[in-house]
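# Inside the fold
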Amino acid sequence: MFDEDAIEAARKTFAGPVAFLKSAPALQHLPDPVVPEVAFAGRSNVGKSSLLNKLTNRNALARTSNTPGRTQELNFFDVGEPLAFRLVDMPGYGFAKAPKDVVKKWRFLVNDFLRGRDVLKRTLVLIDARHGIKDVDREIMDMLDKAAVSYRLVLTKADKIKPTELDKVAADTAAEARKRPAAHPDILSTSSETGLGIPELRAAVMEAIG
């Protein structure tokens, strides 16, 4: 999928400066769209923050929580010095433990951001390998397809299931991706615990920003 040069170049990039920039609770608080961005989306308990921390070799860049729905804003992280691109940690969707009006507000924020951000090069939609694609994942995939926003499916927590089960989930996920107009055909399997797939995920981010 990626050659050694691409993986090494991505490793070097993520070994450099990575810093939290700001949280945006509404669209008017977004940073100026001056560099390419790659967003991370996923269900509330998919392990998004842990994956971001592993991706960037930082223990506490993104806050992790045992309470699903902790991330309620769009969190922006600067990568590179000088600034090369940004990572965007999006509010988790699904069964967030929050009042309905708050959940509705998050949904509008996420939808409007994904549809209207010109510098957004790709969205990485994280799927829990133990469960595969759920209807709530399909909802955001449908929205990305309709908005023609490029996205890639990434399996998380791949260490939590047997290799044979992982192969099946990956095959099923890839089959669904191939049917969708805005989805990248290749699936990545990752684990923030073991580091599985992290070098490839870094390379995928670099590929997305071009």
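Below: a short report on this structure. (Residues numbered from 1 in each chain as written. Predicted model: local features only at pLDDT ≥ 70, side-chain atom pairs only at ≥ 80, totals over all residues. Heavy atoms only, no water.)

### As for the overall build of the chain
Here is the rule we go by: Helix and strand definitions follow DSSP, with helices as H or I runs of at least four residues and strands as E runs of at least two, each counted in order from the N terminus. Radius of gyration here uses only the C-alpha atoms, and the compact-globule reference equals 2.2 Å multiplied by the residue count raised to the power 0.38.
The helix and strand tally for the chain stands at six helices and seven strands. Traced from its N-terminal end to its C-terminal end, the chain shows the element sequence α-β-β-α-β-β-α-β-α-β-α-β-α. In terms of overall dimensions, the chain is globule-like: its C-alpha atoms have a radius of gyration of 16 Å, near the 17 Å expected for 210 residues. Overall size of the chain, expressed as C-alpha extent along the three principal axes, is 45 × 40 × 35 Å.

### Quick notes on the side chain of Arg-122
Note the cut-off: Pairing of N or O atoms within 3.5 Å defines a polar contact, subject to two protein rules: one partner must be a possible hydrogen donor and the other a possible acceptor, and residues neighboring in sequence count only if both atoms are side-chain atoms. Contacts were defined at the residue level, with two residues in contact if any of their heavy atoms lie within 4.5 Å.
Mapped onto the fold, Arg-122 is located in strand E5 (residues 120-128). Side chain to side chain, Arg-122 and Ser-150 meet in a polar contact 2.9 Å long. Apart from the residues within four sequence positions on either side, Arg-122 is in contact with Glu-37, Val-38, Ala-39, Ser-150, Tyr-151, Arg-152, His-184, Ala-204, Glu-207 and Ala-208.

### Side note on the sheet that holds strand E6 (residues 151-156)
The criterion, for reference: The rule for pairing is simple: two strands pair if DSSP sees at least two bridges between them. Note on method: axes are straight lines fitted to C-alpha atoms, helices fitted across the in-contact stretch only, with angles between N-to-C directions ranging 0 to 180 degrees.
One open sheet holds the seven strands; their spatial order is E1-E3-E4-E2-E5-E6-E7, and the pairing between them is mixed. Where the open sheet ends on each side, the last strands, each with one partner, are strand E1 (18-24) and strand E7 (188-189). Running at roughly 165 degrees to E5, helix H4 (residues 135-146) makes contact with strand E2 (37-42), E5 and E6 of the sheet. Relative to the sheet, helix H5 (residues 163-178) contacts E6 and E7, its axis offset from that of E6 by approximately 165 degrees.

### Digging into the packing of helix H1 (residues 4-15) against helix H6 (residues 198-209)
For clarity, the threshold we go by: For classification purposes, angles smaller than 35 degrees are called roughly parallel, those larger than 145 roughly antiparallel, those between 65 and 115 roughly perpendicular, and all remaining angles oblique. Following the grouping adopted for this structure description, the nonpolar residues are Ala, Val, Leu, Ile, Met, Phe, Trp, Tyr, Cys and Pro, the charged ones are Asp, Glu, Lys and Arg, and the polar ones are all others, Gly among them.
As a packed pair, H1 and H6 sit with axes 8 Å apart at the nearest point and diverge in direction by 85 degrees. The orientation of H1 with respect to H6, classified from their angle, is roughly perpendicular. Across the interface between the two elements, Ala-6, Ile-7, Ala-10, Arg-11, Thr-13 and Phe-14 of H1 pack against Pro-199, Glu-200, Arg-202, Ala-203, Val-205 and Met-206 of H6. Along the lines of polarity and charge, the residues of the contact of H1 with H6 split into eight nonpolar, one polar and three charged.

### What to know about the nonpolar core
Selection rule: Buried Ala, Val, Leu, Ile, Met, Phe, Trp, Tyr and Cys residues that are joined via side-chain atoms within 4.5 Å together make up what is termed a nonpolar core. With a 1.4 Å probe rolled over the protein chains alone, any residue whose accessible area is under 20% of its type maximum counts as buried; one over 50% counts as exposed, and the rest are partly exposed.
Counting 36 residues, the largest nonpolar core has Leu-74, Met-90, Phe-113, Leu-114, Ile-140 and Leu-153 as the members making the most contacts within it. Looking at this core, the elements with two or more residues in it are E2, strand E3 (74-79), helix H3 (100-116), E5, H4, E6 and H5. The leading source of residues in this core is H5, at five residues. When residues no more than four places from it in sequence are discounted, the contact partners of Leu-114 are Met-90, Leu-120, Thr-123, Ile-140, Met-143, Leu-144 and Val-149. Judged by nonpolar contacts, the second largest core, of 27 residues, contains Phe-40, Val-79, Phe-85 and Ala-208.

### Thoughts on the packing of H3 against H4
This is how the line gets drawn: Throughout, a crossing is termed right-handed when the near helix is turned clockwise from the far one, and left-handed when it is turned anticlockwise from it by less than a right angle.
Closest axis-to-axis distance for the H3/H4 pair is 10 Å, and the angle between their directions is 30 degrees. Crossing of H3 against H4: the hand is right-handed. Here H3 contributes Val-110, Asn-111, Leu-114 and Arg-115 to the contact with H4, which in turn contributes Ile-140, Met-143 and Leu-144. The residue inventory of the contact of H3 with H4, partitioned by class, reads five nonpolar, one polar and one charged.

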